[in-house]
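Descriptive structure summary
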Amino acid sequence: MRERYGPIYSSNYYIDERTYISDYDAMVEAFRDPEVFRTKGSFEAFETMFGEDNITVNDFEVHTKGRNRIMPAFAPALFPQYMGYISKRARKTWERVHERSSAGEQIKLEPVFRENYVAIVVEMTTGIDMDGENAARIRQLFQKFLVSIFSPKFGPVRNAGIKSRDTLMGIIAEVVRKNLRERRDEINKLRGYGDRIMRMGVKEVAVGNVDILLVLMAESSLSTEPGAAIDEEVVESLCYIILLLWFAGYSTSAATSTCMSFEMGLDDSIFRRLVAEQDPIVAAADGVKNVTYQQLMNEMPLLDSYILEILRARPPVGVLGRKVSKDIEMLGYYVPKDTLVFLDLVAVHLDSKLYPDPHKIVVDRFVKKEGKPKPPGILSFGAPGSPHYCIGAALAKVMMKTTMGTLLREYSYVLDKQQTKEYQSVPDISPKSGVVLESFTKRDH
Ligand code: HEM
């Protein structure tokens, strides 16, 4: 797009006229300048569906306040705790796929990833067991809720989505109340913990079995005194946050993993190189199941690079909206006040001046090596250091490395020969023909 239309262009293709930015530096500037590039008013549905105070559609104080409430739950010191939920789910996911495949069923990986990551985000944020009695209902309600976000504001689909949202909020509120009854001591132990991690760099968590909601509750003003009145406004805001995390964390990770599995299915050399990185880790670990958090973080540079490469070439959030607060000039173009600007991540990531051979998936593009020029960082999570930069970026990598790492260490698969190489970008970026498998087998260790 950039080559064809220039760094800033307008289009009225499919929807009302929008202005797009497809220049890397201009885009980073836009990400980092909330004074001019506001999120407020950029996407109506987020305000309706996640509450007016939600961080994705607010700037300045409201945004900072909201973000500061959430950030402690995303401190890396807590990741080993969350990993318990993530690795257990990833193992179950692949065991089930193997069982189904062994029973003669043809496997499609896209729905597998969707199920996996819905379960991960729900379990990790609330502790709700996604094999338990409420699981099917939660999946169904969540699906209705998601579809409605991208549907017209005043239609039956949106109304059904709002109903589903309210039911989901009721389910989450029940967990809050249960935690207040049954996990009072854990919440008390976690109180002030955010401050300790963020300001003093505390690296370990003494409490076991922590989920994100528990940390958010400890950070909130909810009283844990037995019999104390429950502040329903605080409960409601916690429910909105949890729903936002489900939404933000699930489809992005599922789309990225789908594309990863597709590309490594098409190109066996990618698959083999990634497996070759995992094998010594398996040999050094205490059995294939016991890969440690340290190994996950420090010993998988190729898998790290591959995730970034897929996020570059197939960004799950392809464009991001901002609203311009005053008349500006950018790269010689006049952009009037109130213009809705789309930051075109897809175009930037395919700029051949930044990423040579941009349409090719280069598995080690982001592996650091002395003497090798470093490509510019990708913008799939936003621009590092900018106000709205993805809160879950680091955790998303843990989720994807665990899910994909478990697959690489323990299983092998072959894509169905009928597969086409084409992609579609709606509703999420994904291979047009799905990721259909011819076989899915267990590896010998
Ligand atoms: C591959 C995975 C992911 C991708 C590509 C991704 C991408 C993004 C992008 C592009 C933004 C907007 C940045 C901006 O407007 O400047 C964002 C924001 C956000 N993400 Fe992610 N995300 C991912 C996973 C997650 C996960 C796992 C979570 C949490 C469980 C999460 C939580 C959030 C939240 C809460 C925000 C709003 C931040 C704010 O407005 O201040 N994301 N993400």
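The present account deals with the structure reproduced in this document. (Residues numbered from 1 in each chain as written. Predicted model: local features only at pLDDT ≥ 70, side-chain atom pairs only at ≥ 80, totals over all residues.)

This paragraph deals with the overall build of the chain. Secondary structure summary: the chain contains 17 helices and eleven strands in total. What you see for the chain is a C-alpha radius of gyration of 22 Å, in line with the 22 Å of a compact globule of 445 residues. Looking at the chain as a whole, 40% of its 445 residues are labelled buried. Counted over contacts in the chain with a minimum sequence separation of 6, partners at least 24 positions apart contribute 70%. (Helix = DSSP H or I, 4+ residues; strand = E, 2+ residues; numbered from the N terminus. Rg over C-alpha atoms; globule rule 2.2 N^0.38 Å. Buried ≥ 20, exposed ≤ 12 C-beta atoms within 10 Å, placed from the backbone. Contact = placed C-beta atoms within 7 Å.)

Attention now moves to the environment of K353. Inspection of the secondary structure puts K353 in the loop between helix 16 (345-349) and helix 17 (393-410). Classification of K353 by C-beta neighbours within 10 Å gives exposed; the count is 10. Distance in space between the C-alpha atoms of K353 and M404 is 30 Å, their sequence separation being 51 residues.

Okay, the environment of C239 next. You can see C239 is positioned in helix 12 (residues 232-266). We classify C239 as buried; it has 23 C-beta atoms within 10 Å. Expressed as a C-alpha distance, the spacing of C239 and R91, which sit 148 residues apart in the sequence, is 28 Å. In this structure, C239 is in contact with M169, I172 and A173, ignoring residues within four places of it in sequence.

Time to look at the sheet that holds strand 3 (residues 37-38). The five strands are arranged 1-2-7-4-3 in an open sheet whose pairing can be described as mixed. Every interior strand has two partners, whereas the edge strands, strand 1 (8-11) and strand 3, have only one. Examined bridge by bridge, strand 2 (residues 18-21) and strand 7 (residues 340-344) share three bridges and lie parallel to one another. In the sheet register, Y20 faces strand 7, and the bridge partner there is F342. (Pairing = 2+ DSSP bridges.)

Attention now moves to the site of the ligand. The ligand sits among 27 residues. The nearest are G249, T252, G382, C390 and G392. Among the elements that make up the shell around the ligand, the one with the highest residue count is helix 12 (seven residues). Of the residues in the shell around the ligand, the class split is 16 nonpolar, ten polar and one charged. (Near = placed C-beta within 6 Å. Nonpolar A, V, L, I, M, F, W, Y, C, P; charged D, E, K, R; others polar.)

Bringing the packing of helix 8 (residues 156-182) against helix 12 into the picture now. Where helix 8 contacts helix 12, the axes come no closer than 9 Å and their chain directions differ by 115°. One finds that helix 8 runs roughly perpendicular with respect to helix 12. The way helix 8 lies across helix 12 gives a crossing that is right-handed. From helix 8, R165, L168, M169, I172, A173 and V176 reach across to helix 12, where they touch V235, L238, C239, I242 and L243. Its residues assigned to classes, the contact of helix 8 with helix 12 comprises ten nonpolar, no polar and one charged. (Axes fitted to C-alpha atoms, helices over the stretch in contact; angles between N-to-C directions. Parallel < 35°, antiparallel > 145°, perpendicular 65-115°, else oblique. Left-handed = near helix turned anticlockwise from the far one by under 90°.)

As a rule of thumb, nonpolar side chains are buried together in soluble globular proteins. If you look at the biggest cluster of nonpolar residues, it comprises 110 residues, and the most contacted ones within it are M27, I86, V121, L213, V215, L238 and I242. Among the elements that make up this core, the one with the highest residue count is helix 12 (17 residues). Those residues in contact with M27 that lie beyond four places of it in its chain are I21, L343, V348 and L379. (Core = buried A, V, L, I, M, F, W, Y, C linked by C-beta atoms within 7 Å.)

Interhelical geometry of helix 11 (residues 212-219) versus helix 12 gives an angle of 145° and a closest axis separation of 11 Å. Like other packed secondary-structure pairs, helix 11 and helix 12 cross with a definite hand, here right-handed. On helix 12, the residues touching I212, L213, L216 and M217 of helix 11 are L238, I241, I242 and L245. Looking at the contact of helix 11 with helix 12 residue by residue, the classes come out as eight nonpolar, no polar and no charged.

The subject of this paragraph is helix 17. With 18 residues, helix 17 should cover 26 Å at 1.5 Å per step; its first-to-last C-alpha distance of 26 Å lies within 8% of that length. Burial within helix 17 is extensive, with 15 of its 18 residues counted as buried. (Expected span 1.5 Å × (residues − 1).)

Turning our eyes to something else, we now look at the environment of V28. Relative to the assigned elements, V28 resides in helix 2 (residues 24-32). Judged by the 20 C-beta atoms lying within 10 Å of it, V28 is buried. Through-space distance from the C-alpha of V28 to that of L343 is 9.4 Å; in sequence the pair is 315 residues apart.

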